[in-house]
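Secondary and tertiary structure notes
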Amino acid sequence: MRYRHFLKLFSAGTIALSVLAGPALANPVVVFDLGSGKILQHQDAFKRWYPASLSKLMTAYVTFRAIAAGEVQLDSPIKVTKHSASEPPSKMGFKPGSVMRLDNALKMMLVKSANDIAMAVGENVGGSQAAFADRMNAEATRLGMNGTHFVNPNGLFSPDQYTTARDLAVLVMAIRREFPQYAPWFSIEGLAVGKKAIPNYNLLIGRYPGADGMKTGFVCPSGFNMIGSATRNGRTLVAVVLGEKSAVTRAETAARLLDQGFDAPAAGSATVTTLAPYGDTVSPNDMQDEVCKKKAPAEQSEAPPVAAKNVPKSPYQEKLDHVPTLIAVGLGGATGPAPKAILDQGGQEYADVPIPSWRPDRPAPAGTGPKIAGSAAQGDQPAKVAN
């Protein structure tokens, strides 16, 4: 009986892995049906990975929950703090004290992947970076994202900020199922900020038939990450791809996995929530040397590299075959109530003033230095490693 039970489990796992036959993958992936939650393919789904700007999906989710709870509104003011303004690119570059609507801030965060805006959203909605990270982790725990931990809302590298492909699939399901009203934000082709057009880093949008989301991310230790979703004939599939070598290859891999998924019927019984952990779940994979050590700074960015002359372009390096639809965003227009987290008991906003530092001519007592998780971990990475 035990042997038969083993064969049954082994057979089910084999089906899940082989539904989408294709070239061997060298990095974590999960492909699943959003409607049923059934997994069409998975590899290293529980491998610990640095999320980079995929973290911003949890920032969006926490904020959506705050809106639903009445803590903040779409037209509430999001003020750029001194801390958020100092975050490295990718960023919008607004000066400290600048104010925008929350909905515009979220669109800039999701399309431009702006680190300064993500930090501003976190600080305004949560009251501080640390408090917002606590909320991110609380939501991760509630959702069952057991291999995930956050320290900041934008995904700038920290060894203590990690996730898994399976956990990201859980997060995607929560966002798309609980907050369908925000789904169009994940498929915006580009933003218009004044006269400047900002394209979406998700190269599937506008190029892959049916593409409707969701987010990209990159830091050198993580490689190029992507969550791509598409809907055809009422069926929505999602591909989570981690650790690719470039912005183009991650789009190509996601597109291939989605193609295979649409061509294959759902099989197996494993779902995003029932898939049992397997493999190494504690050792993070660091791709710093592999992805960035020998590449020029221009290649250490989410922007797709320019194809060499006389070399065929990837479909995901080609310009859109239509005039992109741009959504206008910018400062101002924030007429709603201030986020409750930044108001004191008297309803006044907290002052955005620097924390006093110890006199430089005297040694600082133990425990007096500011603690901002992940800030020291940036090291000598190029400025554009956190798009």
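See the structure printed just above.
So, the sheet that holds strand β6 (residues 196–199)
Strand order in the open sheet formed by 3 strands is β6-β5-β10, with mixed pairing between adjacent strands. The open sheet has two edge strands, β6 and β10 (326–328), and neither has a second partner. Along the sheet, successive strands turn relative to each other by an average axial angle of 30°, direction set aside. Sheet topology note: the strand β5 (residues 190–193)/β6 ladder contains 4 bridges and is antiparallel. Across the sheet, L191 pairs through a bridge with I198, a residue of β6. Sheet strands touched by helix α4 (residues 102–112): β5, β6 and β10. Its angle to β5, the strand with the most contacts, is close to 125°.

Topic: the environment of G210
Positionally, G210 belongs in the loop between β6 and β7 (211–219). Judged by relative accessible area, which is 31%, G210 ranks as partly exposed. C-alpha of G210 to C-alpha of T236: the two residues are 26 residues apart in sequence and 8.9 Å apart in space. Residue contacts for G210: discarding those within four places in its chain leaves S229, A230 and T231.

A short note on the environment of S128
Of note, S128 is situated in the loop between α5 (115–126) and α6 (129–143). With relative accessibility at 30%, the residue S128 sits in the partly exposed group. When the C-alpha positions of S128 and I342 are compared, they lie 8.4 Å apart, and in sequence the two are 214 residues distant. Residues in contact with S128, not counting those within four places in the same chain, are G122 and E123.

Section: helix α2 (residues 55–68)
An α-helical turn contains 3.6 residues, so a residue and the one three or four places further along point in the same direction. Taking 1.5 Å per residue as the helical rise, α2 with its 14 residues ought to reach 20 Å, and the 20 Å between its terminal C-alpha atoms agrees with that figure. When you tally the buried positions in α2, you get 12 out of 14 residues, the bulk of the element. For α2, the full list of buried residues reads S55, K56, L57, M58, T59, A60, Y61, V62, T63, F64, A66 and I67. Structurally, α2 contributes buried residues whose contacts are with α4, α5, α6, α7 (165–178), β7 and β8 (223–232). Downstream of α2 by a residue or two, G70 has a phi angle that is positive, lying close to 80°.

Observations regarding the nonpolar core
Of all hydrophobic cores here, the largest spans 75 residues; its most connected members are F32, M58, F64, I117 and I227. The element that contributes the greatest number of residues to this core is α7, accounting for 9 residues. Excluding its chain neighbours within four sequence positions, the residues that come into contact with M58 are M136, E139, A140, L143, M145, F150 and L171. In terms of nonpolar packing, the next biggest core, distinct from the first, is built from 20 residues, V29, L203, A255 and Y316 among them.

A short note on the packing of α4 against α5
Taken N-terminus to C-terminus, the directions of α4 and α5 make an angle of 140°; their axes are 8 Å apart at the nearest point. As summarised for this structure, α4 and α5 are arranged oblique, according to the angle between their axes. By crossing handedness, the relation of α4 to α5 is classed as left-handed. Facing L102, A105, L106, M108 and M109 of α4, the residues of α5 in contact are I117, A118 and V121. Taken together, the residues of the contact of α4 with α5 break down into 8 nonpolar, no polar and no charged.

Some words on unusual backbone geometry
Of note, the amide linkage connecting P89 to S90 takes the cis form, showing an omega dihedral of 5°. The residue S90 is located in the loop between α3 (82–85) and β4 (99–101) in this model. Its identity is not glycine, yet A52 carries a phi of approximately 55°, on the positive side. For A52, the position within the fold is in the loop between β2 (39–43) and α2. For N233, which is not glycine, the phi dihedral falls at a positive 50°. Of note, N233 is situated in the loop between β8 and β9 (235–244). A relative accessible area of 85% places N233 in the exposed class.

Quick look at the packing of aromatic side chains
A full pass over the atoms with the stated rule returns 9 aromatic pairs. Among the aromatic residues, those joined into a ring-pair cluster are Y61, F64, F179, Y182 and W185. Its end group placed over the ring of Y162, R48 keeps NZ or CZ at 3.8 Å from the ring centre.

Remarks on the side chain of S246
For S246, the location among the structural elements is in the loop between β9 and α8 (247–263). On the basis of relative accessibility, which here comes to 16%, the residue S246 falls in the buried class. For S246, the side chain forms a polar contact with the main-chain nitrogen of V248, separated by 3.3 Å. Within the local environment of S246, its side chain forms a polar contact with the backbone nitrogen of T249, the two atoms lying 3.0 Å apart.

The rules behind these values
Chains are numbered independently. Their residues run from 1 in the order of the written sequence. The predicted origin of the model limits local features to residues at a pLDDT of at least 70 and limits the giving and counting of side-chain atom pairs to 80 or more, whereas totals for whole chains, interfaces and linings rest on all residues. Based on all heavy atoms of the structure, the side-chain values leave hydrogens and waters out of the count. Paired strands are those between which DSSP finds at least two bridges. Comment: elements are numbered from the N terminus, with helices defined as DSSP H or I runs of at least four residues and strands as E runs of at least two. Working convention: axes come from line fits to C-alpha atoms, limited for helices to the stretch in contact. Angles between N-to-C directions cover 0 to 180 degrees. By definition in these notes, contact holds between two residues if any of their heavy atoms fall within 4.5 Å. Burial here depends on accessible area, computed with a 1.4 Å probe over protein chains only, as a share of the maximum for the residue type. Under 20% is buried, over 50% is exposed, and the range in between is partly exposed. A helix is expected to span 1.5 Å multiplied by its residue count minus one. Grouping buried Ala, Val, Leu, Ile, Met, Phe, Trp, Tyr and Cys residues that are joined through side-chain atoms within 4.5 Å yields what is termed a nonpolar core. Relative orientations are named as follows: roughly parallel for angles under 35 degrees, roughly antiparallel for angles over 145 degrees, roughly perpendicular for angles from 65 to 115 degrees, and oblique for any other angle. Handedness of a helix crossing follows the sense of rotation of the near helix relative to the far helix, less than a right angle counterclockwise being left-handed and clockwise being right-handed. Note on residue classes: Ala, Val, Leu, Ile, Met, Phe, Trp, Tyr, Cys and Pro are nonpolar, Asp, Glu, Lys and Arg are charged, and everything else, Gly too, is polar. We call Phe, Tyr and Trp rings a pair once their centres come within 6.5 Å, taking the six-membered ring for Trp, and we label the pair stacked below 30 degrees between planes, edge-to-face above 60, and tilted otherwise. Two limits define a charge over a ring: the Lys NZ or Arg CZ must be within 6 Å of the ring centre, and within 35 degrees of the ring normal. Under the rule applied, a polar contact is a pair of N or O atoms within 3.5 Å (in protein, one hydrogen donor and one hydrogen acceptor; residues adjacent in sequence only if both atoms are side-chain atoms).

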